[in-house]
Amino acid sequence: KKLTEERKVIIVGAGIAGIAAAKTLHENGVDDFVILEGSDRIGGRMRQVEFGGVKVEIGANWVQGLGNNPIWELAQRYNFSGKISNYDDVIIRNKTGSDVTEQAEGAWERLGTAQESLKALRKKIRENKLPDVSMRVALKLGGWKPKTPIEKAIEYFDYEFEYADPPEVTSLNNTGRNSEDFTDEEYFLTDQRGFGHIVDRLSSEFLSPNDTRRQLNKVVQTVNWTDAGVTITTVDGSTYRGEYGLMTVSVGVLENEVIDFTPDLPSWKVEEIYQFRMGQYCKIFLKFPRKFWDNSEFILYAGSLWPQYAIWQNLEAPGIFPNGTNILLVTAVASEVQRIELQSDEATQQEVMAVLRNMYGNNIPEPESILVPRWLTNPLFFGAYSNWPIHVTARDFQKLAAPVGRLYFGGEATHPRYNGYVQGGYLSGIDQANAILKCMQKGICQSYRPDVSKGTSVAPAVFAVLLLLLLAAILVVYGYI
Ligand SMILES: Cc1cc2nc3c(=O)[nH]c(=O)nc-3n(C[C@H](O)[C@H](O)[C@H](O)COP(=O)(O)OP(=O)(O)OC[C@H]3O[C@@H](n4cnc5c(N)ncnc54)[C@H](O)[C@@H]3O)c2cc1C
């Protein structure tokens, strides 16, 4: 195909990882890059849309970790409005609508006790390098296995709502890697500029409004990688050649083979791509003519249809949207999401209304509108965020991020400490750009060799130079030169 552009670095994806990577290159004197983004906007999974008179976040919404978190620093720098939440303002209703919050106290206590035991087991596993187990195993060993609708609802609130996957498939060892940075409080962002404004601000620091290095609607189709560089083609027939390539697409995109790699990715890389999985998370927004629900921030439905529609958020709780906004948010996760995404919005509306009538009676109004985002069936994402698989070690993250030839890999899933989170995407972009810079400017290039025990090795070129130096030294010692 005719060559469209030749650049030093080609970045695939303009989510926070791709933009942070490009900014890092720019700050280190490398401006010869292009960012290829498949959609018509930057920001990726940080996305706000207009709904019911306000702008709501259909992707990332919480700044998670108000301690050592660069995203929290940026949110403060840009003066983002939102609400600090500690998830304490909760009411639980059963399938006939009775308030069973008090009845749940014993269950919360038992879950809390099991969580203490879970933490102790995690510590033991880490200290003694024992095999990882699932959260389910750890909870059961701590004396917790939910049986009643109340128990199921509160477990769902603590686990699926966070990890987008059930405790059965979530790693004990990996969750909590970042717990020192994650406080009990998190920030629910309501700023009408959107969470993605962070990406806009970062990009405006080094890209002009019509900068041709940010190319939208460029869906990457093939990636040819070698030790000398990459050649990338897009669906519209353009071809780009670069000395370096950086993929920041989700692990879901890599798993679904929408991008064709030549030569095939090595088996150690394929192993990692399929070891990780995308959690599923669907935020359903409903706009009503009037508010009829509880004032609490969270409303848990402990109904018989569990786990359908268990977690409701009152978006009129203090600090969120003004009274009269009349918007409820219900979150579906894990296996529920596929069913919801594949059915019509009308079918979903009927299901959620059945649950709301159970909680609030038959006299509640129908919603004026419903918003069902579809991340799983979107071929630019194939899911919400990477989960924390059982048995994954720091080395697996190194392998997922390790380059093949001159093709590097970033994005939230590759960050060993904050995978799944916005800060994971951001930090991975910076890390991978630094790895490219090190290779480009110092000749120290990361590579993964299945037979080498450490995750990185010195590039062949550096080996050759060292060998020549050694030879020269020997010749000098023996008086040949
Ligand atoms: C519903 C939901 C809720 C979430 N909640 C939170 C939260 O509350 N807090 C939090 O910290 N995180 C949350 N996350 C996760 C967070 O949004 C992500 O971890 C982060 O935004 C990922 O950034 P990234 O740059 O790694 O990937 P992405 O944002 O996915 O960027 C990759 C880019 O690549 C593009 N792309 C894909 N395929 C191609 C192709 N073939 N060609 C060209 N371009 C392509 C995509 O369009 C995308 O723009 C949530 C995510 C979702 C979906």
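Residues numbered from 1 in each chain as written. Predicted model: local features only at pLDDT ≥ 70, side-chain atom pairs only at ≥ 80, totals over all residues. Heavy atoms only, no water.

**Description of the site of the ligand**
Put simply, the test is: Here a residue is near a molecule or strand as soon as one of its heavy atoms is found within 4 Å of it. Definition of a polar contact: a pair of N or O atoms within 3.5 Å, with one able to donate and the other able to accept a hydrogen when the atoms are protein atoms, and with sequence-neighbouring residues admitted only if both atoms are side-chain atoms. Calculation of accessible area relied on Shrake-Rupley with a 1.4 Å probe; when residues are assessed, cover is drawn exclusively from the protein chains displayed. Put simply, DSSP H or I for four residues or longer makes a helix, DSSP E for two residues or longer makes a strand, and each gets a number counted from the N terminus. Each residue gets one label: Ala, Val, Leu, Ile, Met, Phe, Trp, Tyr, Cys and Pro are nonpolar, Asp, Glu, Lys and Arg are charged, and the others, such as Gly, are polar.
The full set close to the ligand counts 39 residues, and Glu37, Arg45, Gln64, Val220 and Glu412 are the nearest of them. The backbone of Tyr421 places a nitrogen or oxygen atom 3.4 Å from an oxygen atom of the ligand. Taken by itself the ligand offers 1,000 Å² of open surface, and the protein chains cover 99% of this. Looking at the shell around the ligand, the elements with two or more residues in it are helix 1 (16-27) and helix 13 (422-442). Each residue belonging to the shell around the ligand can be placed in one class, and the counts come to 22 nonpolar, 13 polar and four charged.

**Details of the sheet that holds strand 19 (residues 369-371)**
Operational definition: We call two strands paired when DSSP finds no fewer than two bridges between them. Geometry is summarised by axes, namely lines fitted to C-alpha atoms with helices restricted to the contacting stretch, and by angles between N-to-C directions that run from 0 to 180 degrees.
Pairing within the open sheet is mixed, and its six strands lie in the order 7-16-17-18-15-19. Two strands bound the open sheet, and with one partner strand each, they are strand 7 (90-94) and strand 19. Ignoring which end each strand starts from, the neighbouring axes of this sheet average 20° apart. Sheet topology places strand 7 next to strand 16 (residues 298-302); five bridges connect them, and they run parallel. Looking at strand 16, one finds that Ile92 is bridged to Leu300.

**A few points about a nonpolar patch on the surface**
Here is the rule: Like-charged residues within 9 Å of one another, or nonpolar side chains (Val, Leu, Ile, Met, Phe, Trp, Tyr) within 5 Å, are grouped into patches, provided each residue has over 30% relative accessible area and no salt bridge. Salt bridges are defined as contacts in which a side-chain nitrogen from Lys or Arg sits within 4 Å of a carboxyl oxygen from Asp or Glu. Each residue is placed in one exposure class: buried if its accessible area under a 1.4 Å probe, protein chains only, is under 20% of its type's maximum, exposed if it is over 50%, and partly exposed if it falls in between.
Judged by side-chain polarity, Leu467, Leu470, Ile474 and Tyr478 come together as a nonpolar surface patch covering roughly 470 Å² of accessible area. Note that Tyr478 resides in the segment after helix 14 (460-477). You can call Tyr478 exposed: its relative accessible area is 64%.

**Quick notes on the domain arrangement of the protein chain**
Formally: Segment limits for the domains were obtained from an automatic or database-derived domain assignment. Here the quantity called buried area is the accessible surface, traced with a 1.4 Å probe, that two parts lose on coming together, added over both.
According to the domain assignment, the protein chain contains domain 1 (5-46 + 196-277 + 382-442) and domain 2 (82-188 + 281-371). Once you take the C-alpha centre of each, domain 1 and domain 2 turn out to be 32 Å apart. Interface of domain 1 and domain 2: buried area, both sides summed, is about 1,600 Å²; carbon and sulfur atoms make up 46% of it. In this structure, the connection of domain 1 to domain 2 is made through one salt bridge. Residue Asp165 pairs with Arg277 through a salt bridge whose shortest N-O separation is 2.8 Å. Remark: the boundary between domain 1 and domain 2 carries seven residue pairs in polar contact (both at pLDDT 80 or more). Of the residues in the side of domain 1 that touches domain 2, the class split is 10 nonpolar, four polar and two charged.

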